[in-house]
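Summary of the model geometry
The residues making up each chain are set out below.
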Amino acid sequence: MRQRVLTSLMVLTAVLVSTLMVTVPVIGQAGQAPAKAKKAAYTPPKLPWGDPDLQGLWPGTDLIEVPMQRDAKAGERTEVTPEEFAQRQAKAERTAENDKVAYVAKDSKVGINPPGYWLEHGRPQKITSLVVDPPNGRIPDLTDQAKQKAAQAKQAKQGHGPNESPEDQSLYDRCISRGVMGSILPVIYNNGTQIVQGPGYVAIRYEMIHETKIIPLDGSPHPSSNIKSYMGDARGHWEGNTLVIETTNFLGDKNGIGLNGGGTPHSADMVLTEKWTRTAPDMMEYTATINDPKTWVQPWTIRMPLRLNPEFPLYEYACHEGNYAMFNMLKGARADEAAAEAAKAGKK
Amino acid sequence: MRKSLTLFSTAAAAVVCISLTLTPGKAQAPAAPAKAVAKAVAKGPRMPDGRPNLNGVWEYIGTANWDIQDHSPAPGPMWQLGAIGAIPAGQGVVEGNEIPYKPAALEKKKQNKASAPAEDPEAKCYMPGIPRATYMPFPFQIIQSNKDILMAYEYASANRLINMGKPIEAGSDTWMGTSNGHWEGDTLVVDVTGLNGLAWFDRAGNWASDKVHVVERYKRRSNDVMDYEATIDDPSVFTRPWKISLPLYKRAEKNAQILEFKCVEFAEELLYGKYKKQPTK
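Definitions and cut-offs
For every chain, the first residue of its written sequence is number 1, and the numbers climb from 1 along that sequence. Just so you know, chain letters begin at A and ligand numbers begin at 1, following the order they were written in. Selection of residues for local features in this predicted model requires a pLDDT of at least 70, selection of side-chain atom pairs for listing and counting requires 80 or more, and totals for whole chains, interfaces and linings are taken over all residues. We count a stretch as a helix when DSSP gives it H or I for four or more residues in a row; a strand needs E for two or more, and each element gets its number in order from the N terminus. Burial in this document is a count-based property: other C-beta atoms within 10 Å of a residue's C-beta are tallied, and the residue is buried at 20 or more, exposed at 12 or fewer, or partly exposed in between, with C-beta positions derived from the backbone. Distance between backbone-placed C-beta atoms decides contact: two residues are in contact if it is within 7 Å. Per-residue confidence from the predictor is reported as pLDDT, a score between 0 and 100. Multiply 1.5 Å by the residue count of a helix minus one, and that product is the helix's expected span. A pair of strands is considered paired only if DSSP assigns at least 2 bridges between the two. As used throughout, a nonpolar core is a set of buried Ala, Val, Leu, Ile, Met, Phe, Trp, Tyr and Cys residues joined through C-beta atoms within 7 Å of each other. The directions considered for the arc are those from the helix axis to the C-beta atoms.

Re the overall build of chain B
Check the secondary structure of chain B and you find 4 helices and 9 strands. For chain B, the sequential pattern of α-helices and β-strands runs α-α-β-α-β-β-β-β-β-β-β-β-α. Taking all 281 residues of chain B together, the buried fraction comes to 33%. Within chain B, contacts between residues separated by at least 24 positions form 55% of all contacts whose residues are at least 6 apart in sequence.

Some remarks on the overall build of chain A
Looking only at helices and strands, one finds 6 helices and 10 strands in chain A. Across chain A, the fraction of contacts at a sequence separation of at least 24, relative to all contacts at a separation of at least 6, is 63%.

What to know about unusual backbone geometry
That bond from Ala 116 of chain B to Pro 117 of chain B is cis: its omega, 0°, falls within 30 degrees of zero. A cis amide bond links Ile 130 of chain B with the next residue in sequence, Pro 131 of chain B, at an omega value of 15°. Positive phi values are uncommon outside glycine, yet Cys 175 of chain A reaches one of about 65°. Along the chain, Cys 175 of chain A falls in the loop between α4 (144-156) and α5 (179-182). Since 26 C-beta atoms lie within 10 Å of it, Cys 175 of chain A is described here as buried.

Here's the deal with the confidence of the model for chain A
Do not read the fine detail of predicted coordinates wherever pLDDT is low. The predicted model of chain A averages 89 in pLDDT, with 87% of residues at 70 or higher. Taken as a whole, residues 19-37 of chain A scores under 50 in pLDDT and shows 16 contacts with residues more than four places along the chain or in a different chain.

A look at helix α6 (residues 324-347) of chain A
Over its 24 residues, α6 of chain A extends 34 Å from the first C-alpha to the last, a length consistent with the 34 Å expected when each residue adds 1.5 Å. Where burial is concerned, little of α6 of chain A is hidden: 2 out of the 24 residues are buried.

Brief notes about the confidence of the model for chain B
Residues and elements named next belong to chain B. Per-residue confidence for chain B averages 89 on the pLDDT scale, and 84% of its residues sit at or above 70. Within the model, the stretch residues 1-5 combines pLDDT values under 50 with 3 contacts to residues more than four positions away or in other chains. Here residues 11-31 is a poorly scored stretch, pLDDT under 50, and it has 23 contacts once near neighbours within four places are set aside; other chains count. Scored by ipTM, the complex comes to 0.86, with pTM at 0.87.

Things to note about the sheet that holds strand β4 (residues 201-206) of chain A
The sheet built from 4 strands is open, its strands ordered β1-β3-β4-β5 (chain A) with antiparallel pairing. Two strands in the sheet have a free side with no partner beyond their single neighbour: β1 (56-57) and β5 (211-216) of chain A.

Quick word on the pairing of strand β9 (residues 283-291) of chain A
It is a general feature of regular strands that their side chains alternate between the two faces of the sheet. All names here are of chain A. As judged from the 9 bridges shared by strand β8 (residues 271-280) and β9, these two strands associate in the antiparallel manner. For Arg 278, the partnering residue across the bridge sits in β9 and is Met 284. The hairpin formed by β8 and β9 contains 2 residues between the paired strands.

Here's the deal with the nonpolar core
Of all hydrophobic cores here, the largest spans 100 residues; its most connected members are Val 202 and Ala 203 of chain A together with Ile 143, Leu 150, Met 151, Ala 152 and Tyr 153 of chain B. Those residues in contact with Ala 203 of chain A that lie beyond four places of it in its chain are Val 196, Thr 212, Lys 213 and Ile 214 of chain A together with Ile 143, Leu 150 and Ala 152 of chain B. Core analysis: the second largest hydrophobic core is formed by 5 residues, Leu 330 of chain A together with Leu 271, Tyr 272 and Tyr 275 of chain B among them.

Comments concerning the pairing of β5 of chain A
All names here are of chain A. Within β5, 5 of the 6 residues are buried, leaving the element largely enclosed by the surrounding structure. Here β4 runs beside β5; their pairing, made up of 6 bridges, is antiparallel. Paired with Ile 204 across the two strands is Lys 213, which belongs to β5. Here β4 folds back onto β5 in antiparallel fashion, the turn holding 4 residues, of which His 210 has a positive phi close to 40°.

Remarks on the environment of Gly 165 of chain B
Residues and elements named next belong to chain B. Position of Gly 165 among the secondary structure elements: in the loop between β4 (159-162) and β5 (178-184). Residue Gly 165 is classed as exposed on the basis of its 10 C-beta neighbours within 10 Å. Remark: the alpha-carbon pair of Gly 165 and Gly 185, spanning 20 residues in sequence, is separated by 16 Å.

Things to note about helix α4 (residues 264-272) of chain B
Turning to α4 of chain B, its buried residues number three or more, namely Val 264, Glu 268, Leu 271 and Tyr 272 of chain B. Within α4 of chain B, the buried residues cover an arc of 85° as seen down the axis, which keeps them to one side. Its buried side turned inward, α4 of chain B meets α6 of chain A.

Rendered as structure tokens:
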């Protein structure tokens, strides 16, 4: 009798302990580590197939005027001082005033830039820079290999004019691609970013230059490195309510990680890890970690807090179809050369 | 005996109570059930709201991009490519095989054809517009959400978002047009306006103006075949509306995806070659 009771109690204890062991880790998973608990307080609605709903227009427009790299004087400060913020606000007010100018003043100089009111404008932000890691908010040093490449590229341009062939222009000005980061870093216009989700996929549309990044969520592998592209190959998965995207298979020595894809070109070995977390109904925490040991001596991270703007007009950016500038730059350079030749001949 | 039973049942009750309080609540991401739904939705023909599920990678097989009307095989524009560049025979995809051009418009089609391939916007890597994007020899992917429907075409990274909400008016003209969609039973009907009249229908130079109004119908015939129709209405070019119809096939590879075809680089020589410092030709 006593033996039976004891055995039952032991069985029950075992059941109790194993139940606890099964359920406790689930709690640990669902909430996040205490330090992040504040950020993860908002739970986005779920789509009918169970994925967190990140859909909407998340343009980077607000972040125009936030520098990519932090002023060295700011050190590890991630927010501007009240005085610096006041300066940003004052600048925004001056810009808004300038935008009201409906005509060109008589004494204005001729220029090639569009009038100010064509441009999108940011909202004064408190963050000191888009780069948040390394902690000083500055892009890490280039590797020796990358420095060498840059020097060689500069050398190759010696003795050549600026408009000898289309390849003299950037990939952006050739209307090929700005690359993944170049498609989202805030610039003077067309900062549209839109998320559309289907069962098993997330798609991200970038307004300029009409890119669509399709991210399978089924755990399938990247293709072999024999298939490379400007926008790379993306694969995603959920970590709680955060969409984690890993992109590889990039073409190397093409785009950089700067505005419009400028800056030092990254290598084909770059691994880009992006995280999208909806932190409020109208706020998205976006981070991108650039890991390219061939180009930078350490990985580095950009952070952009994006605001939902359902009214943002995402236009068709038919870049190549309207690239009259390419024809004109080449023709103009040839005309200049012909004129110079004629002048030389005339002098003889 | 009774005592141990009571003890047993109390303890069992305690275990049940404890495990209930420890069980994840509603706010947390559900585990197995959502995955099963996602898998079922991805494979099956219906979205959770009951609508046909058109998600996937689709592609047309046939020669419509060469010529949407019946055509015999013919030499291609470049003898250097031999049979690789030749034009295969094709059965037309135009209902009645007739495109009802007005006389002046037919002349323009002939001029287009004579100027091809150099003047074909496809050769220049310009976005193909609707309906040509549908039957290019490149796949496209449909991402159908619980709201709008995105179509991403591999060719030139062309794409368009079909607005499934309250119809919006086209702003300015674009290459891929402004698309408003709705369901008629199991048929997705897409109304396309705001096309800029600069894309062609095919390599044979068939064309419409910027006044064209295209209405597409997508209806899944089976898991792997979708019937596509596009009614073309442009009174400035044609004497009456006419219709294209063709099947679309689901790409069946396990790893089916659209790849990248940013063809601008391949078209730069064609477009800018003669303006280079070292011109080609």
